[in-house]
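Listed below, chain by chain, are the residues.
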Amino acid sequence: MISVKTQGEIDLMREPCAIVRDCLAFVGERIGAGMTTKEVDTLVEKFIRASGATPSCLGYCGYPASACVSVNEVVVHGIPGDYVLREGDIVSVDLCAYKNGFHGDGARTFRIGRVSPEKDKLVRVTEECFFKGIEGLSAGTPLFDIGYRVQKHAEANGFSVVRAYTGHGIGREMHEDPTVPNHGHRGTGPRLPAGAVICIEPMIAAGNWRVATLDDGWTAVTLDKKPAAHYENTVVIGEDGVEILTL
Ligand code: MF3
Ligand code: CO
């Protein structure tokens, strides 16, 4: 059941989403070689709390940090720790903020210094996949058109779509219906109603899309150890288009 938010609820979501947006920009200005992934998490937690919000991820199903910091072959849910970022890494930072009774959710993949041409293209194409995904999107669009568009763009560039994780509805809970796959067939799935708020988050692999979870129960890595990237925004479905709350 895809829930629909009232205009008042959507207005309440603007603030946590703006905090996510600003926090991602803040991290993007500071992240660099020599920093540990734990230091990235500390930046995120301080920023979110200083904004009067709560980091939604901290304690979620036992998750031990405020951000997911996923380097190179880590697709998503990388737990911040002692790893020192170095030139050539790509690192996705995924974070959620809770304020006004609602969550906002977003992710960016950052390049550390100069990265290989393959990683550079992967980061660019993953962002493009998000924007392809929302092309023509409005109330009435079949849900799986999003994944169809994402998949088409990823595969046209020689990359693959990670299937094990998806986007999701968001609101008073961080994860609500519907599940938003990044692959699929056009013209299928429920039609999105106006007022639905969803997170669209392509996770794109340079090689094969198959992933495994490490023993920590969270860290998702590509089986072939090739790099992956992630890009996410919280989006409101409107009658004539979408509004991106985390940009
Ligand atoms: N922000 C993530 C998402 O897009 C949630 C990560 S799981 C958590 O769904 F445990 F870290 F919260
Ligand atoms: Co999300």
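Notes on the structure follow. The structure presented is a predicted model; accordingly, all values stated were derived computationally and were not measured. (Residues numbered from 1 in each chain as written. Chains lettered and ligands numbered in written order. Predicted model: local features only at pLDDT ≥ 70, side-chain atom pairs only at ≥ 80, totals over all residues. Heavy atoms only, no water.)

**Comments concerning helix α3 (residues 117-133)**
Turn by turn, an α-helix covers 3.6 residues, leaving residues three or four places apart pointing in a common direction. Keep this limit in mind: The way it works is that DSSP assigns letters per residue, a run of H or I at least four long becomes a helix, a run of E at least two long becomes a strand, and they are numbered from the N terminus. Helix span, as expected, comes to 1.5 Å for every residue beyond the first. Three exposure classes are used, based on accessible area relative to the maximum for each residue type with a 1.4 Å probe and protein chains only: buried under 20%, partly exposed in between, and exposed over 50%.
If you check α3, its first and last C-alpha atoms are 24 Å apart, about what 17 residues at 1.5 Å a residue would give, namely 24 Å. Among the residues making up α3, those that are buried are K119, L122, V123, V125, T126, C129, F130 and G133.

**As for the layout of surface pockets**
Where we set the bar: Lining residues are defined by having an atom within 4 Å of a point belonging to a cavity or pocket. Those points lie on a 1 Å grid over the protein atoms alone, cavities being sets where a 1.4 Å probe fits but cannot get out and pockets being open sets with protein on both sides within 12 Å along at least five of seven lines. Grid points are joined across faces, edges and corners, and a volume is the space filled by probe spheres set on the points. Residues are grouped as follows: Ala, Val, Leu, Ile, Met, Phe, Trp, Tyr, Cys and Pro are nonpolar; Asp, Glu, Lys and Arg are charged; every other residue, Gly included, is polar.
Of the pockets and cavities examined, the largest pocket occupies roughly 310 Å³. As for the largest pocket, its lining consists of 20 residues, and the residues nearest its centre are H77, D94, M174, H175 and E201. Class assignment for the residues of the lining of the largest pocket results in eleven nonpolar, five polar and four charged.

**Some words on the side chain of S92**
What counts here: Residue contacts are defined here by distance: any two heavy atoms, one from each residue, within 4.5 Å place the two residues in contact.
By the secondary structure assignment, S92 is in strand β4 (residues 90-99). Discounting residues that sit within four places of it in the chain, S92 has contacts with C68, V69, S70, V75, R108, T109 and H230.

**Structural notes on the coordination of the cobalt ion (ligand 2)**
Condition: Distances define the donors: N, O and S atoms within 2.8 Å of the metal qualify, as do those within 3.2 Å of Na, K or Ca. Water is excluded, so some sites may look unfinished.
Distances from the cobalt ion (ligand 2) to its protein donors, namely D105 (OD), H168 (NE2), E201 (OE) and E232 (OE), fall within the range 2.0 to 2.5 Å. Mapping the donors of the cobalt ion (ligand 2) onto the primary sequence yields the spacing D-x62-H-x32-E-x30-E. One end of the pair, D105, is in strand β5 (residues 102-111); the other, H168, is in strand β7 (residues 167-169), with 63 residues separating them in the sequence. A single burial state applies to D105 and to H168, both of which are buried.

**What to know about the nonpolar core**
Note the following rule: Here, nonpolar core refers to any group of buried Ala, Val, Leu, Ile, Met, Phe, Trp, Tyr and Cys residues whose side-chain atoms link them within 4.5 Å.
Judged by nonpolar contacts, the single largest core of 27 residues is most densely connected at I146, L192, I200 and I204. Every element with two or more residues in this core is listed here: α3, α4 (144-156), β9 (197-200) and β14 (233-237). Element by element, the count of residues in this core is highest for α3, at five residues. Those residues within four positions of I200 in sequence are excluded, and the remaining contacts are F130, I134, L137, I146, Y231, E232, N233 and V235.

**Looking at unusual backbone geometry**
For the bond running from D177 to P178, omega is 0°, close enough to zero to count as cis. Along the chain, P178 turns up in strand β8 (residues 176-180). One non-glycine residue with positive phi stands out, namely N72, at about 55°. If you trace the backbone, N72 turns up in the loop between β2 (67-71) and β3 (74-76). Look at N100: it is not a glycine, yet its phi comes out positive at around 60°. Along the chain, N100 turns up in the loop between β4 and β5.

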